[in-house]
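Listed here are the chains, written in short residue letters.
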Amino acid sequence: MERKRMGAEPVLYLVIPCYNEEEVLPKTAPMFLEKLEALTAAGQIRPESRILFVDDGSRDGTWQLIQAFSEKEEWIKGISLSRNRGHQQALLAGLMEAKQFCDISISIDCDGQDDIDAMDKMIDAWYQGAEVVYGVRDDRSTDTWFKRNSAQMFYRFMNLMGAECVYNHADYRLVSRRVLEELEHYQEVNLFLRGMFPLIGFQSTAVSYKRAERLAGDTHYPLKKMLALAFDGITGLSIRPIRLITGAGALFSCLSFLGVLYAILSALTGNAVSGWTSTMCVICFLGGIQLLSLGVIGEYVGKTYLETKRRPRYIIAERCGR
Ligand code: UDP
Ligand code: MG
């Protein structure tokens, strides 16, 4: 295919968040390095390209490992956050750091689950004019049954609740500097990056790849964190839950009008005393709905509170590499 973009090759930064990954990093860091060297040798990217590891406040030897890599290899750089802030914040810190040096960035997990060979296709797509290229998993056969199905439910639920996101796309994606500069203007604290890039716009496309098994160590996304991410995604991107509550409120108002009619009718026909059961049912049911609604609204109020503080979303404690 003929390239649409002419001129010099891009400087690529691989942005890789790591949290307690000392087991897997010694295996995957050489893979990333090899990939970068191969891409440079093929004339796809410039030699100033780098791997940027973001240590998300790990408690194990991850940061020491990254420092050691960066001393040995000039291709490798690192930043370390002042404490564990979570995957999304770590990724944002890395992308904002990379923005100063790169033409294109590719974010990828450090555990080797995402196929690094898909990068070739991503860069090709960039040469064709795309500013954002989503990596999409087309095969989850190596995930456990539970992970596969819970992840599927995650995407369904997200879309149902109005938080649009690319199906089966995690955070393996190419983003050009132009888009990163726009991302900087999105100042929210509740981050759900994969839902934000579609909002930013620009020409985008997707490439598919097979998801492999984690090379070592355990997942840091147990069900609890996944639910938290879904919650942040939904309440951060959409107000559909509040609309649903309004809808439910309207529906139950109509139903209770019927209930009142029924109560009056039974009073007129002389059956009023035997109404205890139905009264209890209605009270319980509506009480439940009210509590649930208050909870959802409270969630948004809480989010607003957090956003108004305008706290920094991450703090970089240290840097390494040239
Ligand atoms: N991660 C992070 N901070 C966290 C949790 C995870 O930077 O608090 C990183 C982790 O090191 C990995 C990526 O986010 O590179 C994805 O995590 P993981 O592989 O555990 O999730 P899964 O692939 O199982 O969904
Ligand atoms: Mg993983």
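The structure under discussion appears in the preceding block.
Cut-offs and rules
Residues numbered from 1 in each chain as written. Chains lettered and ligands numbered in written order. Predicted model: local features only at pLDDT ≥ 70, side-chain atom pairs only at ≥ 80, totals over all residues. Heavy atoms only, no water. Donors = N, O, S within 2.8 Å, 3.2 Å for Na, K, Ca; no water. Buried < 20%, exposed > 50% of the residue type's maximum accessible area, 1.4 Å probe, protein only. Near = heavy atom within 4 Å. Areas by Shrake-Rupley, 256 points an atom, 1.4 Å probe, with all protein chains shown as cover. Nonpolar A, V, L, I, M, F, W, Y, C, P; charged D, E, K, R; others polar. Pairing = 2+ DSSP bridges. Helix = DSSP H or I, 4+ residues; strand = E, 2+ residues; numbered from the N terminus. Axes fitted to C-alpha atoms, helices over the stretch in contact; angles between N-to-C directions. Contact = heavy atoms within 4.5 Å. Salt bridge = Lys/Arg side-chain N within 4 Å of Asp/Glu carboxyl O.

(A) Inspection of the coordination of the magnesium ion (ligand 2) at higher detail. The coordination sphere of the magnesium ion (ligand 2) contains the protein donors D111 (OD) and Q113 (OE1), at a distance range of 1.9 to 2.0 Å. In terms of burial, D111 and Q113 fall into one category: buried.

(B) Summary view of the site of ligand 1. The environment of ligand 1 is formed by 19 residues, the closest being E21, D56, D111, T219 and H220. In isolation ligand 1 has 530 Å² of accessible area, and contact with the protein removes 95% of it. Classifying every residue of the shell around ligand 1 by side-chain character gives five nonpolar, six polar and eight charged.

(C) How the structure looks around the sheet that holds strand 4 (residues 104–107). An order of 7-5-6-4-1-2-3-8 is seen for the eight strands of this open sheet, with the pairing classed as mixed. Edge positions in the sheet fall to strand 7 (204–210) and strand 8 (316–320), since each has one partner strand and no second. Going across the sheet, the axis of each strand differs from the next one's by a mean of 20°, ignoring polarity. With four bridges joining them, strand 1 (residues 12–18) and strand 4 adopt parallel strand pairing.

(D) Expanded view of the side chain of E97. Along the chain, E97 falls in helix 3 (residues 87–99). When near neighbours in sequence (up to four residues on either side) are disregarded, E97 contacts L52, I79, I316 and R319.

(E) View of the pattern of salt bridges. For the structure on display, the rule yields twelve salt bridges. K35 is the partner of D117 in a salt bridge, and the nearest nitrogen-oxygen pair spans 3.0 Å. Note that D117 is positioned in the loop between strand 4 and helix 4 (118–127) and K35 in helix 1 (residues 25–41), a separation of 82 residues in sequence. On the basis of relative accessible area, D117 is assigned to the partly exposed category, the value being 48%. For K35, a relative accessible area of 10% corresponds to the buried category.

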